[in-house]
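Residues per chain, in single letters:
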Amino acid sequence: MENQGNHDTHQLPVHEVLLLLETDASRGLTQDEATRRLQRFGPNVLPLIRRHGPLIRFLLQCHHPLIYILLAATVITALLGEWVDASVIFGVVLVNAIVGFIQESRAERALEALMSMVKTEATVVREGEKHQISSSDVVPGDVVLVQSGDKVPADLRLISIRELQVDESALTGESLPVVKEELLLPSDTVLADRRNLAYSGTLVTYGQGVGVAVGTGAVTEIGRIHQLIGSAADIATPLTKKIAHFSQILTVVILGLAAVTFGIGMWRGQAGVEMFMAAVALAVGAIPEGLPAAVTITLAIGVNRMAKRHVIIRKLPAVETLGSTTVICSDKTGTLTENQMTVQAIVAGGQEFEVSGTGYDPVGAILRDGKAIDLGEAPALKQCLMAGMLCNDSQLVERDHQWMIVGDPTEGALLVAACKGGLEVKKVSEHSPRVDVIPFESQRQYMATLHHGTDDSSKVIYIKGAMEKVLSLCTQELDPDGRERPCDTDTIHRYAQSLGERGLRLLGFARVCVPCQTETINHDRLPSGLTWLGLQGMMDPPRPEAIRAVQACQNAGLAVKMITGDHAVTAKAIAQEIGLGWAAVPHGGAPRIMTGPDLAVCPVTQLPEEADQTVVFARVAPEQKLRLVEALQARGHIVAMTGDGVNDAPALKQADIGVAMGRGGTEVAKEAADMILTNDNFASIEAAVEEGRGVFDNLTKFIIWTLPTNLGEGLVILAAIGAGLALPILPVQILWINMTTAVALGLMLAFEPKEAGIMQRRPRDPQQPLLTGELVWRILLVGALLLGGAFGMFLWVQAKGGTLEEARTVAVNVFVIVELFYLFNCRSLERSMFQLGLFSNPWVTWGVLTMVVLQLLFTYAPAMNFLFHTAPIDWETWIPIVGIGLGSYFIVELEKWFRRKLKT
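Residues numbered from 1 in each chain as written. Predicted model: local features only at pLDDT ≥ 70, side-chain atom pairs only at ≥ 80, totals over all residues. Heavy atoms only, no water.

### Quick word on the overall build of the chain
For clarity, the cut-off: Here a strand is any run of E in DSSP of at least two residues, a helix any run of H or I of at least four, and the numbering for each starts at the N terminus. Burial status follows relative accessibility: with a 1.4 Å probe on protein chains alone, a residue under 20% of its type maximum counts as buried, one over 50% as exposed, and anything between as partly exposed. With residues, only the protein chains shown are counted as cover, and all accessible areas are computed by Shrake-Rupley using a 1.4 Å probe.
Within the chain, the secondary structure is distributed over 33 helices and 28 strands. The proportion of buried residues among the 904 residues of the chain is 56%. When the accessible surface of the chain is totalled, it reaches about 37,000 Å², and 58% of it is carbon and sulfur.

### Quick word on the confidence of the model for the chain
Segments scoring low in pLDDT should not have their predicted coordinates read at a detailed level. How we decide: pLDDT is a residue-level measure of predictor confidence that goes from 0 to 100. Note on contacts: a residue pair is in contact if any heavy atoms of the two residues lie within 4.5 Å.
On average, residues of the chain score 83 in pLDDT, and 87% of them are at 70 or above. In this model, residues 110-115 is a region of pLDDT below 50 whose contacts with residues beyond four sequence positions or in other chains number 19 contacts. The model gives residues 583-588 a pLDDT under 50, and that stretch makes two contacts with residues more than four places away or in other chains.

### Overview of a nonpolar patch on the surface
The following threshold applies: Patch members must show over 30% relative accessible area and no salt bridge, and they are joined within 9 Å when carrying like charges or within 5 Å when they are nonpolar side chains of Val, Leu, Ile, Met, Phe, Trp or Tyr. Throughout this description, the term salt bridge denotes a Lys or Arg side-chain nitrogen within 4 Å of a carboxyl oxygen of Asp or Glu.
Among the surface-exposed residues, Leu55, Ile56, Leu59 and Leu60 lie close enough to one another that they form a single nonpolar patch of about 380 Å² accessible area. Structurally, the position occupied by Leu59 is in helix 3 (residues 54-60).

### A closer look at unusual backbone geometry
In this structure, Glu127 is a non-glycine residue whose phi angle is positive, near 55°. Even without being a glycine, Arg619 presents a positive backbone phi close to 50°. By secondary structure assignment, the location of Arg619 is in the loop between strand 25 (616-618) and helix 23 (622-634).

### Overview of the packing of helix 29 (residues 804-825) against helix 33 (residues 878-903)
The description of two helices packed together rests on the angle between their axes and the distance between the axes. Here is the rule we go by: Think of each axis as a best-fit line through the C-alpha atoms, taken over the contacting stretch in the case of a helix, with angles from 0 to 180 degrees between the N-to-C directions. Crossing handedness is read from the near helix: turned anticlockwise from the far helix by less than a right angle, it gives a left-handed crossing, and turned clockwise, a right-handed one. In this classification, the charged set is Asp, Glu, Lys and Arg, the nonpolar set is Ala, Val, Leu, Ile, Met, Phe, Trp, Tyr, Cys and Pro, and all remaining amino acids, among them Gly, are polar.
Put simply, helix 29 and helix 33 touch, their axes get as near as 8 Å, and they point 35° apart. Crossing of helix 29 over helix 33 shows right-handed handedness. Contact residues: helix 29 offers Val810, Asn813, Val814, Ile817, Val818, Phe821, Tyr822, Phe824 and Asn825, while helix 33 offers Trp878, Ile881, Val882, Ile884, Gly885, Leu886, Ser888, Tyr889, Val892, Glu893 and Lys896. Grouping the constituent residues of the contact of helix 29 with helix 33 by class yields 14 nonpolar, four polar and two charged.

### Brief notes about the nonpolar core
Convention followed: Here the nonpolar core consists of buried residues drawn from Ala, Val, Leu, Ile, Met, Phe, Trp, Tyr and Cys, with membership extended through side-chain atoms lying within 4.5 Å.
Ile461, Trp532, Met675 and Phe682 are the most contacted members of the largest nonpolar core, which totals 145 residues. Per-element tally for this core: the top contributor is helix 26 (residues 683-723), with 15 residues. Beyond its immediate stretch of four places on either side in the chain, Ile461 contacts Ala448, Thr449, Leu450, Ala510, Arg511, Val512, Val514, Ile521, Leu526 and Pro527.

### Notes on the packing of aromatic side chains
Two measures describe an aromatic ring pair: the distance that separates the ring centres and the angle between the ring planes. Stated formally: Here a pair means two rings of Phe, Tyr or Trp (six-membered ring of Trp) with centres within 6.5 Å. Their orientation is stacked below 30 degrees between planes, edge-to-face above 60, and tilted elsewhere.
In total, this model carries eight aromatic pairs according to the counting rule given. Measuring from ring centre to ring centre gives 4.3 Å for Phe751 and Trp843, while their planes differ by 15°; the resulting arrangement is stacked. Here the residue Phe751 occupies a position in the loop between helix 27 (731-744) and helix 28 (773-799), and Trp843 occupies one in helix 31 (residues 842-860), the gap between them amounting to 92 residues. Members of the aromatic cluster, connected to one another through ring pairs, are Trp736, Phe858 and Phe868.

### Observations concerning the sheet that holds strand 25
As a reminder, the rule being used: If DSSP finds at least two bridges between two strands, the strands pair.
Reading across from one edge, 8-28-27-26-9-23-25-24 is the order of the eight strands in this open sheet, with mixed pairing throughout. Strands with a single pairing partner mark the edges of an open sheet, and in this sheet they are strand 8 (311-313) and strand 24 (593-595). Neighbouring strand axes in the sheet, compared pairwise and without regard to direction, differ in orientation by 20° on average. Sitting on the sheet, helix 26 touches strand 8, strand 9 (327-330), strand 26 (639-643), strand 27 (657-661) and strand 28 (675-677), and the angle it makes with strand 28 is about 135°.

### Points about helix 1 (residues 14-21)
Rules: What the arc describes is the spread of directions from the helix axis to the C-beta atoms.
For helix 1, the complete set of buried residues consists of Val17, Leu18 and Leu21. The buried residues of helix 1 occupy one face: seen down the axis, they fall within an arc of 100°. On its buried side, helix 1 packs onto helix 2 (31-41), strand 4 (155-167) and strand 7 (203-215).

### Describing the pattern of salt bridges
Evaluation of the coordinates by the stated rule reveals 27 salt bridges. Linking Glu893 and Lys896 is a salt bridge whose minimum nitrogen-to-oxygen distance equals 3.0 Å. One end of the pair is Glu893 and the other is Lys896, both in helix 33 and three residues apart, which spans about a single turn. The buried category is assigned to Glu893, whose relative accessible area is 11%. Residue classification places Lys896 among the buried residues on the basis of a relative accessible area of 1%. Put simply, Arg309, Glu690, Glu691 and Lys754 are held in one network by salt bridges that share partners.

### Regarding the side chain of Asn44
As a reminder, the rule being used: Counting of polar contacts relies on pairs of N or O atoms within 3.5 Å, with two restrictions inside protein: one atom must be capable of donating a hydrogen and the other of accepting it, and residues adjacent in sequence are counted only when both atoms are side-chain atoms.
Along the chain, Asn44 falls in the loop between helix 2 and helix 3. Here Pro153 takes part through its backbone oxygen, which lies 2.8 Å from a polar atom of the side chain of Asn44. Apart from the residues within four sequence positions on either side, Asn44 is in contact with Ser135, Ser136, Val138, Pro153, Ala154, Thr216 and Gly217.

### Thoughts on the packing of helix 29 against helix 31
Note the cut-off: Here the word oblique covers every angle except those under 35 degrees (roughly parallel), over 145 (roughly antiparallel) and from 65 to 115 (roughly perpendicular).
Interhelical geometry of helix 29 versus helix 31 gives an angle of 175° and a closest axis separation of 11 Å. If you check the angle between helix 29 and helix 31, you find them roughly antiparallel. Contacts between helix 29 and helix 31 involve Thr809, Val812, Asn813, Val816, Leu820, Leu823 and Phe824 from the former and Val844, Val848, Met851, Val852, Gln855, Phe858 and Thr859 from the latter. Residues that form the contact of helix 29 with helix 31 fall into these classes: 10 nonpolar, four polar and no charged.

### Focus on the pairing of strand 10 (residues 342-348)
Note on strand geometry: in a regular strand, side chains alternate between the two faces of the sheet. In terms of burial, strand 10 is a largely internal element, seven of the seven residues being buried. Pairing between strand 10 and strand 11 (residues 351-355): four bridges, direction antiparallel. Each residue of the ladder has a partner; that of Ala345, found in strand 11, is Glu354. Where strand 10 folds back on strand 11, the antiparallel hairpin that results is connected by two residues, among which Gly349 adopts a positive phi of roughly 60°.

### Let's talk about the environment of Gly465
One can find Gly465 in strand 18 (residues 458-465). Residues Gly465 and Leu535 lie 70 residues apart in sequence; the distance between their C-alpha atoms is 9.9 Å.

### Let's talk about the pairing of strand 4
Counting buried residues in strand 4 gives 10 out of 13 residues, a clear majority hidden from the surface. Sheet topology note: the strand 4/strand 7 ladder contains 10 bridges and is antiparallel. The residue bridging Asp167 from the neighbouring strand is Leu203, located in strand 7. Pairing geometry for strand 4 and strand 6 (residues 197-198), over two bridges, is antiparallel. Residue pairing for strand 6: Leu156 is matched across the bridge by Ala198. Relative to strand 5 (residues 178-179), strand 4 runs antiparallel, the two sharing two bridges. Following the sheet pairing, Val166 is matched in strand 5 by Val178.

### Remarks on helix 14 (residues 379-390)
What counts, and what does not: One less than the residue count of a helix, multiplied by 1.5 Å, gives the span that helix is expected to have.
In this model, helix 14 (12 residues) spans 16 Å end to end at C-alpha, consistent with the 16 Å of a helix rising 1.5 Å per residue. Counted residue by residue, helix 14 has 10 buried out of 12 residues, so it is predominantly covered. Among the residues making up helix 14, those that are buried are Ala380, Leu381, Gln383, Cys384, Leu385, Met386, Ala387, Gly388, Met389 and Leu390.

### Looking at the environment of Ala811
Structurally, Ala811 can be placed in helix 29. Distance from Ala811 to Gln733, taken between C-alpha atoms, is 10.0 Å for residues 78 residues apart in sequence. Setting aside its immediate chain neighbours within four residues, Ala811 contacts Pro728, Ile729, Ala790 and Phe794.

Right, dumping it as structure tokens:
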């Protein structure tokens, strides 16, 4: 006997499955055999996938070219005896590693959440007797009993059922409980349609069933998802990719410049040790020590901003990734929709009515031609609503100010519709108490209940079920005034077709009066000649805010795609109501829809293009969601995947950014995601995209602000070596410039408000480099200004008779003051700071004042003069220093103005 799993048992007769598993349907396994199988196949739990330990995960935080440069600088400065400098640089590396380690550790809880999902009790038959055991002890071949409220402990091939319905929404995306049946199915039946199987981790909502365990532990559908999560690679974000590429280039440039510096000095006959120190100074100057800290802090500020907009970020780079997103793949059930079945249309008495309101909150009305209906004037409508309310086993309850359904969601929708019409469940039930019931059976496709009538002369049977089945039992119908007339089946079918094309799921209702002495009803004795009461059409409606959010995302140039396990007709109707992709197709056309079977036969080479062109994917299995995300990434897209179910978890992890729902989402989805929406509102994604774009803008501003300083420092040292002069700035002074300005000035850009029109831009091209041509030009321009200003002032002070220490102090101050004025240039890469508002970012003002105080201490405090080899300078010397800074500001603004003119 092998642990086959459920992949083929849906196509086999029950007796063959029992033979393969060497078990008996009535007696089950023996205790000894169950023990042997437990030892052979292991416990019915999901195995942990081997992960890196804490130490390796911590060390991997330093696996980055820029960090390697900083670590090399730490070692070199320590070897030179500069312990303070070495400690500062190493401290930057350590802080970044700790922050990254903490963020990553949270993601490792995903598999633990999966395991906790399936730790339940199970009822099994062993040696002909029922036993209550832990679900972890269920083995292949066990005969398992399930009933309403149970969590299915293993993948089961159903042997016998009694009105069994299972909620598989977390696994397949199907919004309604699945009615299970004892039937053979074709081998190519998709996961969501295998009605003779019950899956581990799903919930029984109605009825009872007996099944044989065909898959346990990892050999279950949820086990396969577990393996998909473990195998899904962690995707580098656009930011980390670009910074990594930039760091590699920077590494080569730094090493090259250091080698050139050393070579020039040796060629000029200068001492080797002196030239080695000069090369170290250049390397330290070229390294943007503040960049890792600035990236981390800027992202952390973005996290705080998003938290105020109902978005929790689990992984810092995810903040920026949303700003780079080009495609949002959204699950339907619970994400774009309410995940609450709602009656939207009723046909009764030959008239169609609309039902307002969504979800289980009984707030809304029944309308005709836009006007609310009084049930006293619409007796046929009232009877249709009463049938839905009385022929019903569910309850509508309010808990913690939130309405919910206890029982079947479809029946719950009927209760809510009746309440919107003005009926009260308690009063109607007391007036027409139930006497007997015929439960719903999938073979007969209807449910019937017997009630006391309005007087003692008769009783009434209300029937609800599949429209075709109920209609076939009817010979008459109610007219608008509640009088009986011959049944017009053609008109009813036309209404049904119209509602079906809207993606509504239809239920038919009927009644028949019986003698007052009737106490029981059954299928065989059900009277013929029923009276048709009407149709109720329902669906899981889209969230109103999701409609607006999807529109805003599409206006911002993002492609929004729906990936769901639900039926194609339902998915199309929801997509059409939301407006998903309709703007991108010719007039009268419709977006492309693909189903799971279509995807299964789609060639691998063709899938990326098909995924790019298709808007709606229906009846999709979990591994197909993962394939779709990978296909879109193969087309160069930055993919955000939203979802809330277990079936979404592998795709959430594979996506560039996974977005889970905080309230209705499963723990598995939350742990696999990069960010969580605390209000389960798709509209929060729009806010997150806006914040993400703002974060990337601010990071770009910081990088474009800090790199000219590193370039200028390197050029000044190269110029001094080439001219055979003393170094204008020492390594320790370079560290002062880089670290203090990064903290006091550069980080203030992280607080810069979002610029106007940020959501009117097209998404950034994922292939676009971090530094575009015009940004590189600006870096070169400001670097040249720093070279001319600092080196020129260094020579000027010495020419006036100043000491070497004074000349170096002036050179350092030129760097700082130019950076200070350039900060105002960088508040916007294209606009003037006066267009933004001079004081719209008060943090810049405080940063500038702080830097001025620090620089005065650097210049005039004796302790600072000793530590940094500086000397006080005359107050008159500040005039040209400030003049150079102010001139640099106007030159950069002129360059920005010129570029704006070229674009217009």
